[in-house]
Amino acid sequence: MSARRQNLLGRLFVYGVLILIAAIWTTPTVGLLVSSFRPGDDVVASGWWTVFRDPTEANLSLDNYRIVLGTVGDNPQLQEKIQRGQENINLFGAVLNSITVTVPATVIPILIAAFAAYGFAWIQFPGRRIFFIGVVALLVVPLQIALIPILKDYIALDLSGTFLGIWLAHTGFGLPLAVYLLYNYISSLPRDLFESAFIDGASHFTIFTRLILPLSLPALASFAIFQFLWVWNDLLVALVFLGANPQVEVLTQRLLGMLGTFGTDWHLLTAGAFVSMVFPLVVFFGLQRYFVRGLLAGSVKG
Amino acid sequence: MKVELENLTKRWGDVVGADSINLEIQDGEFVAFLGPSGCGKTTTLLMVAGIYKPTEGFIRFDERIVNQMAPKDRNVGMVFQSYALYPHMTVFQNIGYPLKLKKVPKEEMQKRVQRVADMMGIGHLLDRKPAQLSGGQQQRVALGRALVKEPQLLLFDEPLSNLDARLRLSMRSEIKRLQMELGITSIYVTHDQVEAMTMADRIAVMKDGRLQAYAPPEELYDQPRTLFVAGFVGNPPMNFMEVEVDRENGDYHARREGFDVVVPPDRGEKAAGRGKVILGIRPEDVTLADEGVSGEIYVVEPLGRDDLIDVRIGDAHVHILADPTLRLKIGDNVKLKFNTHKVQFFDPATEDSLLWT
């Protein structure tokens, strides 16, 4: 057997294993996706894979999405479906709430952490090491420990159940990791750049806005994705600090509520789950291009 | 602008970066700080730039003490070894950045950047990003950025060490020409003694944070004040051997095993009667001759124009330059003639010159 042939076999094996893993990983998701297009009765009656036997017979439609997004209109057939106790499952408001919570809860910690990381990395001040060690040490503190004391304070301050409250909570929980990540990146930027900017007459603030922020985009983007996904998928913090008020309820809470009310309505739950997945995907692909390596290329040589 | 350093010292705890540096730089002068890495030359430069605050001593610009002055108020331009260009800005923005920070009006900025860029020969590259430039072009951008604010003092931190050998030669002469034309007082940090010798009006040789010598290149070469300076300046480096100098019949003899040369009285007398002293002589001051000190060739290194030959005299080694057409081989016996008007003598304990102190 020639070496080339052996090489080919090896590659086939690797690809085979990769395809297998990918298939195992994807199957449940595909199942959920298919279910989200099927009528509720069918979902209960037969498995989602039966659809592939004869797709024309499968009654696939966007009805589930219309119901969960509240865009039924005056389609009598759909309204009839809702009649069976399925009012008030409009996810639309919950999506808006989730966005209202997530965007500031992502932006605020990034801003604070970038300033802090620059300070820790490049400004001399007494106690710098101690403070930094303190921040890093907070990484290992589980947030559950802080829930009750903070909730007590929030109730005293009247912040419980408000968006401001949950922004601050997510900011606090996200900061240690953010500071740590950004510190690692910012402290690795070449010293010469700062010295050069100082000599050219830049202040710390100018250096921060004109040099640090643009050069740190890859780090900022990766943390933004982490934080966005974490806040978007968070249920615990939202339950504790927002409470069960439908006015401010976020997507995860609403989905949970659907499960509780209609434990058997898998067709609606799956549709809701896919609606909630759209935004993280948009964010991920939107920021992905900042991961391009070599943003620093041409800055310093050697 | 005249620059004066007085007892300039920088310490970080027990680590001494620069130790009581005293020197003055005349207006328009080109001074090189020369020394091996870690000798404190960059530390001193950064103190002049205002990045580091001196622990002790003073920096004066035209008689004015500037120790506490912020870097931006010192009106200095600096070129870094790594160039330190802003990677996300175009060449135009890079060069114009100091002006932008000074809030120079747009039109004037446009004009000045264009003029500097044309002077540096990169006027056609203004829209490019640094990553799209070659090393030499990046270096010119860095130089342009330092020049655009019309500084009174130019600082160079090993600006040529990242360039390839050919480009280094051409940039070397270009920087020197530019400095002479503009007449800006300049400090040039380098570990390359050829760069320092060719470019500078005066060279400050540093070692372990201390100033070893501060003199014009020729003086540094012909009248080294310490053993370190003698060995560091010049390529190939000076030969050293331990000898004893005695007066005999009115002549001064420098002797060691298998070695006996007569040195001129003005030099011999300063080294005589001190027991063992170190004799130093440059390779070009030793020539092959029909008679003289005999030795055996130990190594032959062809350099192209010359052969560098290591000759063993007893247990001492002397490097000399010889004509390659002589086709000398390892093991050949040769006779060496020493140009004794150029010998140096050093005290082995203090390593100071016995001739020039």
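Scroll up to find the structure this text is about.
What this report covers is the structure whose coordinates are included nearby. Computed from a prediction, not measured in an experiment: that's the story for all the values here.

1. Structural notes on the overall build of chain B
Helix and strand counts for chain B come out as nine helices and 20 strands. Counting only C-alpha atoms and orienting by the principal axes, one finds that chain B spans roughly 80 × 45 × 35 Å. Taking all 357 residues of chain B together, the buried fraction comes to 41%. Put simply, of all contacts in chain B between residues at least 6 apart along the chain, 64% involve residues at least 24 apart.

2. With respect to unusual backbone geometry
All names here are of chain B. Between N235 and P236 the backbone carries a cis peptide bond, its omega angle lying at -5°. Located in the positive-phi region is Y83, a residue other than glycine, with phi close to 75°. Take Y83: it is sitting in the loop between β6 (76-79) and α2 (91-101). Positive phi outside glycine occurs at K103, with the angle close to 60°. When you line up the elements, K103 lands in the loop between α2 and α3 (106-119). For K103, a count of 8 C-beta atoms within 10 Å puts it in the exposed group.

3. So, the interface of chain A and chain B
The interface is formed by 22 residues belonging to chain A together with 24 residues belonging to chain B. Sorting the residues of the side of chain A that touches chain B by element identifies α9 (191-200) and α10 (204-215) of chain A as the ones contributing at least two each. Residue contributions to the side of chain A that touches chain B peak at seven residues, all from α9 of chain A. Residue composition of the side of chain A that touches chain B, by class: 12 nonpolar, six polar and four charged.

4. Concerning the sheet that holds strand β11 (residues 239-248) of chain B
Residues and elements named next belong to chain B. In spatial order, the strands read β13-β12-β11-β14-β20; together these five strands make up an open sheet with antiparallel pairing. At either margin of the open sheet sits one strand with a lone partner, and together these are β13 (259-263) and β20 (344-346). Taking each pair of neighbouring strands and ignoring which way they run, the sheet shows an average axis angle of 40°. Relative to β20, strand β14 (residues 276-281) runs antiparallel, the two being bridged by three bridges. Along β20, the bridge assignment pairs G280 with Q344.

5. Some words on the nonpolar core
The tendency in soluble globular proteins is for nonpolar side chains to be buried side by side. Grouped together as the largest cluster of nonpolar side chains are 150 residues, with contacts concentrated most on A117 and L182 of chain A together with A32, L155 and A204 of chain B. Residue contributions to this core peak at 11 residues, all from helix α5 (residues 92-122) of chain A. In contact with L182 of chain A, not counting residues within four places along its chain, are A113, A114, A117, S216, A219 and F223 of chain A.

6. Here's the deal with helix α11 (residues 217-233) of chain A
What sets the pattern is the α-helix's 3.6 residues per turn: residues three or four places apart point alike. All names here are of chain A. The terminal C-alpha atoms of α11, which comprises 17 residues, lie 24 Å apart, in line with the 24 Å expected from a rise of 1.5 Å per residue. Among the residues of α11, those classed as buried are A219, L220, F223, A224, Q227, F228, V231 and W232. Where α11 is buried, its residues meet α5, α8 (163-187) and α14 (266-288).

7. With respect to the pairing of β11 of chain B
All names here are of chain B. The pairing of β11 with β14 spans six bridges and is classified as antiparallel. Bridge assignment links E244 to a residue of β14, and that residue is K276. Looking at chain direction, β11 and strand β12 (residues 251-256) are connected through five bridges and run antiparallel. By the bridge assignment for β12, R247 is matched with Y252. Between β11 and β12, which pair antiparallel and follow one another directly, the connecting turn spans two residues, one of which, N249, has a positive phi of 55°.

What counts as what
Residues numbered from 1 in each chain as written. Chains lettered and ligands numbered in written order. Predicted model: local features only at pLDDT ≥ 70, side-chain atom pairs only at ≥ 80, totals over all residues. Helix = DSSP H or I, 4+ residues; strand = E, 2+ residues; numbered from the N terminus. Buried ≥ 20, exposed ≤ 12 C-beta atoms within 10 Å, placed from the backbone. Contact = placed C-beta atoms within 7 Å. Nonpolar A, V, L, I, M, F, W, Y, C, P; charged D, E, K, R; others polar. Pairing = 2+ DSSP bridges. Axes fitted to C-alpha atoms, helices over the stretch in contact; angles between N-to-C directions. Core = buried A, V, L, I, M, F, W, Y, C linked by C-beta atoms within 7 Å. Expected span 1.5 Å × (residues − 1).

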